[in-house]
Amino acid sequence: MPRIIAGRAGSILLDVPDAGTRPTSDRVRESLFGALESADLVRGATVLDLYAGSGALALEAISRGAVAADLVERSARAATVAERNAARVGKAVGRDAAIRVHRGSADGFLRTTSGRYDIVFLDPPYDVGEAELAATLGLLVPVLAEDAHVVVERASRSPKPQLPPGLVAMRDKRYGDTTLWWSASSG
């Protein structure tokens, strides 16, 4: 069972949806957040977690000092799990952070949000094709804060994500069957 690794909600266990999601492993999250924190990107950040599943990525950021997180999940069952997890983490961090779970598609949310995000996580289901992911990344660019960071999690066998104008590739890191693709806003 995944858990919050560090911060004010550290060691809180997270529920996972019973089907249709693949939670980011603790090892990958630990490495990801080590990199984000070493660059001083988490504390005070506004976070967006598209295809949130259990919400582990956004909730880890909240535990480590992010001030707000929007979790977007299309599956009603997974969104219910994310809401339960958000309530647990919210109780641990108190009023220092705002956590909102949105039921709906990533693209639908991006078309209607007025938010500006410092860190964005995208961990789409395996059946989301490269063209669909590229379209979502295109919709993401207008809601990115200056100097925002975007992390796409995909199967290692997947090709490099096609980045739209407004995003520049930074690096990628492979963890067995998972690869994290990092990019940053360029405008």
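Analysis parameters
- Residues numbered from 1 in each chain as written.
- Predicted model: local features only at pLDDT ≥ 70, side-chain atom pairs only at ≥ 80, totals over all residues.
- Heavy atoms only, no water.
- Helix = DSSP H or I, 4+ residues; strand = E, 2+ residues; numbered from the N terminus.
- Rg over C-alpha atoms; globule rule 2.2 N^0.38 Å.
- Contact = heavy atoms within 4.5 Å.
- Areas by Shrake-Rupley, 256 points an atom, 1.4 Å probe, with all protein chains shown as cover.
- Lys, Arg positive; Asp, Glu negative; His and termini not counted.
- Charge placed at Lys NZ, Arg CZ, Asp CG, Glu CD.
- Expected span 1.5 Å × (residues − 1).
- Buried < 20%, exposed > 50% of the residue type's maximum accessible area, 1.4 Å probe, protein only.
- Arc of directions from axis to C-beta.
- Pairing = 2+ DSSP bridges.
- Axes fitted to C-alpha atoms, helices over the stretch in contact; angles between N-to-C directions.

## Brief notes about the overall build of the protein
Consideration 1: Helix and strand content of the protein: 5 helices and 7 strands.
Consideration 2: Secondary structure elements of the protein occur, N-terminal to C-terminal, as α-β-α-β-α-β-α-β-α-β-β-β.
Consideration 3: Whereas a compact globule of 187 residues would reach a radius of gyration of roughly 16 Å, the protein reaches 15 Å, a difference of no more than 12%.
Consideration 4: Its C-alpha atoms give the protein principal-axis dimensions of about 40 × 35 × 35 Å.
Consideration 5: Residue pairs in contact within the protein that sit at least 24 positions apart in sequence constitute 65% of those at least 6 positions apart.
Consideration 6: Accessible surface, the protein: about 8,500 Å² in total, of which carbon and sulfur atoms supply 49%.
Consideration 7: Computed over 23 positive and 23 negative side-chain charges, the separation of the two mean positions in the protein equals 3 Å.

## Considering helix α1 (residues 26-38)
Consideration 1: Its 13 residues place the ends of α1 18 Å apart at the C-alpha level, agreeing with the 18 Å of an ideal helix rising 1.5 Å per residue.
Consideration 2: Every buried residue of α1 is listed here: V28, R29, L32, F33 and L36. In an axial view of α1, the angular spread of the buried residues amounts to 120°, which keeps them on one side of the axis. Residues of α1 that are exposed and angled more than 90 degrees away from the buried face: R27 and S38.
Consideration 3: For α1, the elements touching its buried residues are α2 (56-63), β4 (117-122), β5 (144-155), β6 (167-175) and β7 (178-185).
Consideration 4: Once α1 ends, the next one or two residues include D40, with phi positive near 55°.

## Considering the sheet that holds strand β3 (residues 98-103)
Consideration 1: Taken together, 7 strands build an open sheet; the order of strands is β3-β2-β1-β4-β5-β7-β6 and the sheet is mixed. Single-partner strands in this sheet number two, and they are β3 and β6. Adjacent strand axes in the sheet meet at a mean angle of 15° when their direction is disregarded.
Consideration 2: Of the pairings in the sheet, the one linking strand β1 (residues 46-50) to strand β2 (residues 68-73) comprises 5 bridges and is parallel in character. Bridge pairing links D49 to L71 in β2.
Consideration 3: On the sheet, α1 packs against β4, β5, β6 and β7 and is oriented at approximately 25° with respect to β7.

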